[in-house]
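Residue-level listing of the chains:
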Amino acid sequence: RPDGHVTLIDAGSKAAAGNIKGFLGEKGIVAVNTVVLTHPHENHCGGLEGLAPIIKANELFFNGDTGGDEACAGILEALQRAGRTIKTVKAGDVIYEGRDYLLKVLHPSVLGPGTNDNSLVLWLKAEGKGFLFTADIGTVQQAALVWEFPFVSQAHAVQVPHHGGAVIPAWKASFPQAVFIMSTGKNPYGLPLKETLNALAEKLYRTDQGAITLTNR
C-alpha cells in the first residue's frame, strides 16, 4: 500500500514460509499488517504458522469455507487461540480503503461445493494501478468475473488462476494492458497446463523462475 501498510494474500505451504519470510526481509519488511486467506488448502494456508512472528494483524480475512484441508482448520484455530479474529468476507466487502488505495472482495457471493471455486477473488487499486488476485477459481468463475465486473479489464497485473490451471479462451483478451503472474512450482497435478502457458506466453511471469516484484512507475 502507498502508506507502507503490508498485505499478505495467502501464505503458501508450510515449507514455503522460510522463503516468503526471507523475501520480505530482503525488501525491508519486518511486519505484515493485513492477512487474507483465500481458501483452506495447505498450499495457501500452511505458511501462516512460520510467518506468525511477523504477522501483526489482529484479524485474518477468510472466505468462511469449512471444507478443504484439516491442516488449515488447525492453523485457524491456533490463530484464534493466540487472540486473533477470523473475519469472514464475501463479494462486495471492502477489506480496506483510503484516498488512493482499495482492497475489495469480488467473489464469492455465496459458497458452493468446490473449495477452489470458493476462493476469494480480490481487486486491489493503488495509486491508479489495478491488480486482480484470482486464487484458484475455475473457468466458470472466471467467465462470471469478467462479465460481472468489467472494470477488471483495467488491471495492470493479473494472477493466473490455480497455479496455471485452465483459463477461459478470452482470459488474455479480457486484460489488454496486464501482465500475468503465475504462482506455481513442482506439484503432482500437471500444473501449469501447457495450453495456459501458450495462451499467455509473451506476457507471463512465473514464480518458479524467480521471485517477482512489481514497481509502480
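Our structure is the block above this text.
Definitions and cut-offs
Residues numbered from 1 in each chain as written. Predicted model: local features only at pLDDT ≥ 70, side-chain atom pairs only at ≥ 80, totals over all residues. Heavy atoms only, no water. Phe/Tyr/Trp six-rings, centres within 6.5 Å; stacked < 30°, edge-to-face > 60°. Buried < 20%, exposed > 50% of the residue type's maximum accessible area, 1.4 Å probe, protein only. Pairing = 2+ DSSP bridges. Helix = DSSP H or I, 4+ residues; strand = E, 2+ residues; numbered from the N terminus. Axes fitted to C-alpha atoms, helices over the stretch in contact; angles between N-to-C directions. Right-handed = clockwise from strand over helix to strand, strands pointing away. Salt bridge = Lys/Arg side-chain N within 4 Å of Asp/Glu carboxyl O.

1. Focus: the packing of aromatic side chains
Link 1 in the chain: Overall, the coordinates contain 5 aromatic pairs when judged by the stated rule.
Link 2 in the chain: Seen from their ring centres, Phe-149 and Phe-151 are 5.8 Å apart, and the 65 degrees between their planes marks the pair as edge-to-face.
Link 3 in the chain: Overall, the relative accessible area of 16% leaves Phe-149 in the buried class.
Link 4 in the chain: You can call Phe-151 partly exposed: its relative accessible area is 30%.
Link 5 in the chain: With 6.2 Å between their ring centres and 75 degrees between their planes, Phe-175 and Phe-180 make a pair best called edge-to-face.

2. So, the sheet that holds strand E2 (residues 34–37)
Link 1 in the chain: Spatial strand order, E1-E2-E3-E4: 4 strands in an open sheet with parallel pairing. If you trace the sheet from one side to the other, it starts and ends with strand E1 (7–9) and strand E4 (85–88), each paired once. With strand direction ignored, the average angle separating the axes of adjacent strands in the sheet is 25 degrees.
Link 2 in the chain: Summarising the sheet, E1 and E2 pair through 3 bridges and their orientation is parallel. Among the inter-strand pairings, Thr-7 is bridged to a residue of E2, identified as Thr-34.

3. What about the pairing of strand E10 (residues 179–182)?
Here is the key point about a regular strand: its side chains alternate between the two faces of the sheet.
Link 1 in the chain: Of the pairings in the sheet, the one linking strand E9 (residues 157–159) to E10 comprises 3 bridges and is parallel in character. From the neighbouring strand, Gln-159 faces E10, where its bridge partner is Ile-181.
Link 2 in the chain: Pairing of E10 with strand E11 (residues 204–206) involves 3 bridges; the strand directions are parallel. When the bridges of E11 are listed, Phe-180 appears paired with Leu-204.
Link 3 in the chain: What joins E10 to E11 is helix H6 (residues 194–200), and the crossover it makes is right-handed.

4. Here we look at the pattern of salt bridges
Link 1 in the chain: Inspection of the entire model under this criterion finds 3 salt bridges.
Link 2 in the chain: A salt bridge links Lys-172 to Glu-202, with the nearest nitrogen and oxygen atoms 2.3 Å apart. Here Lys-172, found in the loop between E9 and E10, pairs with Glu-202, found in the loop between H6 and E11; they are 30 residues apart in sequence, far enough to count as distant.
Link 3 in the chain: The residue Arg-206 makes a salt bridge to Asp-208 at a minimum N-O spacing of 2.7 Å.
Link 4 in the chain: Here Asp-208 falls in the partly exposed class, since its relative accessible area comes to 36%.

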